[in-house]
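# Architecture and fold: a report
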Amino acid sequence: MVELTQHFTDANQDHLSVQLVDYGILSVSGEDADSFLQGQLTCDLRKLGQDNCLYGAHCDQTGKAFSIFWLYRENDSVFLVMHRSAIEGSLAQLKKFGVFSKVIIEDVSNDWNIAGVFGSKAASVAAEFDGRVIQVGTSPDQYLLLSQQPISTDYPQPYWDALEIERVRPQLTSENIQAFVPQMMNLQAWDGISFDKGCYIGQETIARMKYLGKQKRALFRLSGKVTAQVTAGTQLEKAIGENWRRAGTVIMAVNRTDTQVDLLAVLPSDINTDTAIRVRDDDASLLEIHSLPYQLG
C-alpha cells in the first residue's frame, strides 16, 4: 500500500516527479500514418504538429473504447501513450485495419522510459529535461517525459493517478475495455473527440450520443471510506430508500490509505451528488460524489 496524503502535494513542494511504469507506447509510422489514424481515432490528426499533443480514444465499430491515449508526433511517426494493459486490444484492432494502408504499427513500450512531472515549477523542470517533453492538457503544470535512458524520479505511479483523478481525466485499463463510449468518460470535456473531422471507426454511435441526446452516463470523481482496496472494474451501488441498487463502474482508483479511496466511476449522468454510494460487497464503505471541475459539452 502506497500511503498518499489527502492532497498529493503540500505547501513545501513546487513539483513532483513520478515514474509512470503503468504506461506504454504504440508507434504508427509510414506514409499513410496520418490518414490511417484519422479514420481510427476520435481526435483530429490535422491538429497534431511536432510541438503539441492530442488526447483521444480508439474505439470499436460500436463506439466502445479500446483505449484512451495522449498522441504526439516525432518526425514521421505518431505515438500513442496509453495504459500498458490497454495496448493489446488497440494494437490488434489497428493491425486488423492497417493491412489496407502503408503503415507500420508496433508496441514500442520496452524502448522507452516514461515519467511525469507536475506542480507550479513543472515547466522549469520539463525545460531542462533531456528527452521528449509533452505538455498534458492546456495548463503548463503537468508534463509527460519520455527517454530511452532511465529517468530519475521521486514518487511512484499513484501520485500521478491521484492528480488525474482529481482533474477527472481518465485512463482506460483492461478491466473496462470495450465497455464505454468516450462521452461516458467525459473525453469531450478535454477536446478528446472531434465532431467535425469526418468518419472514423465508432463515429456513428459517438455522433448519435451527442446530437440525439442519448448520453445516459458520465464520469464522476468519488472519495470516501472503504474496508478493502478498490480497483478498476469494481462495481458501485447507490442508495434508493433503504435498498441498494447498481450505480456504476470504477475506471480508476487510488487507495490513499487502507481505508480511504479516491476514484473515477461511470455513473448515471443525472445522478444527484447527494446520493449515497458504496462499493458492492463492502457494506461498511461510503463514498461522496464530487462536482465536476468542468462543464460537459
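Quick caveat: nothing in here was measured; it's all calculated off a predicted structure. (Residues numbered from 1 in each chain as written. Predicted model: local features only at pLDDT ≥ 70, side-chain atom pairs only at ≥ 80, totals over all residues. Heavy atoms only, no water.)

### Brief notes about the pairing of strand β11 (residues 235-240)
For clarity, the threshold we go by: Pairing between two strands requires that DSSP report at least two bridges joining them. What counts as a helix is a DSSP run of H or I of at least four residues, what counts as a strand is a run of E of at least two, and both are numbered from the N terminus.
Judged from the six bridges that link them, β11 and strand β12 (residues 243-255) form a sheet pairing that is antiparallel. In the strand pairing of β12, Ile-240 is matched with Asn-243. Linking two consecutive strands that pair antiparallel, namely β11 and β12, is a turn of two residues; a positive phi of about 65° is found at Gly-241 within it.

### Regarding the confidence of the model for the chain
Heads up, the condition is: pLDDT is a per-residue confidence score from the predictor, ranging from 0 to 100. Only heavy atoms enter the contact rule, under which two residues are in contact if any of them lie within 4.5 Å.
On average, the chain scores 94 in pLDDT, and the residues at 70 or more come to 96%. With pLDDT under 50 throughout, residues 1-11 is counted as low confidence; its partners more than four residues away or in other chains account for 29 contacts.

### Considerations on the packing of aromatic side chains
How two aromatic rings sit relative to each other is given by the distance of their centres and the angle of their planes. Our working definition: The criterion for an aromatic pair is that two Phe, Tyr or Trp rings (for Trp, the six-membered ring) have centres within 6.5 Å, with stacked assigned to planes under 30 degrees apart, edge-to-face to planes over 60 apart and tilted to the rest. Summary of the burial criterion: residues with accessible area below 20% of their type's maximum are buried, those above 50% are exposed, and those between are partly exposed, where the area comes from a 1.4 Å probe applied to protein chains only. Either the NZ atom of lysine or the CZ atom of arginine qualifies as a charge over a ring when it sits within 6 Å of the ring centre and within 35 degrees of the ring normal.
Under the criterion given, the structure shown has seven aromatic pairs. With a centroid separation of 5.1 Å and an interplanar angle of 20°, the aromatic rings of Tyr-72 and Phe-79 are classed as stacked. We note that Tyr-72, like Phe-79, is buried. Taken together, a centroid distance of 5.7 Å and an interplanar angle of 80° make the contact between Trp-190 and Tyr-294 edge-to-face. Remark: Tyr-294 occurs in the segment after β15 (286-289) and Trp-190 occurs in the loop between α4 (157-167) and α5 (203-211); sequence separation between them is 104 residues. Since its relative accessible area comes to 15%, Tyr-294 is described here as buried. Sitting above the plane of the Trp-190 ring, Arg-169 keeps its charged end 4.3 Å from the centroid. Over the aromatic face of Phe-195 sits the side chain of Lys-210, whose NZ or CZ is 4.7 Å from the ring centroid.

### Describing α4
Of all eleven residues that make up α4, eight are buried, and the element is covered over most of its length. For α4, the complete set of buried residues consists of Gln-157, Tyr-159, Trp-160, Asp-161, Ala-162, Leu-163, Glu-164 and Ile-165.

### Describing the environment of Gly-49
In this fold, Gly-49 is placed in the loop between α1 (33-38) and β3 (53-59). On the basis of relative accessible area, Gly-49 is assigned to the partly exposed category, the value being 26%. Sequence separation between Gly-49 and Asp-22 is 27 residues; the distance between their C-alpha atoms is 26 Å.

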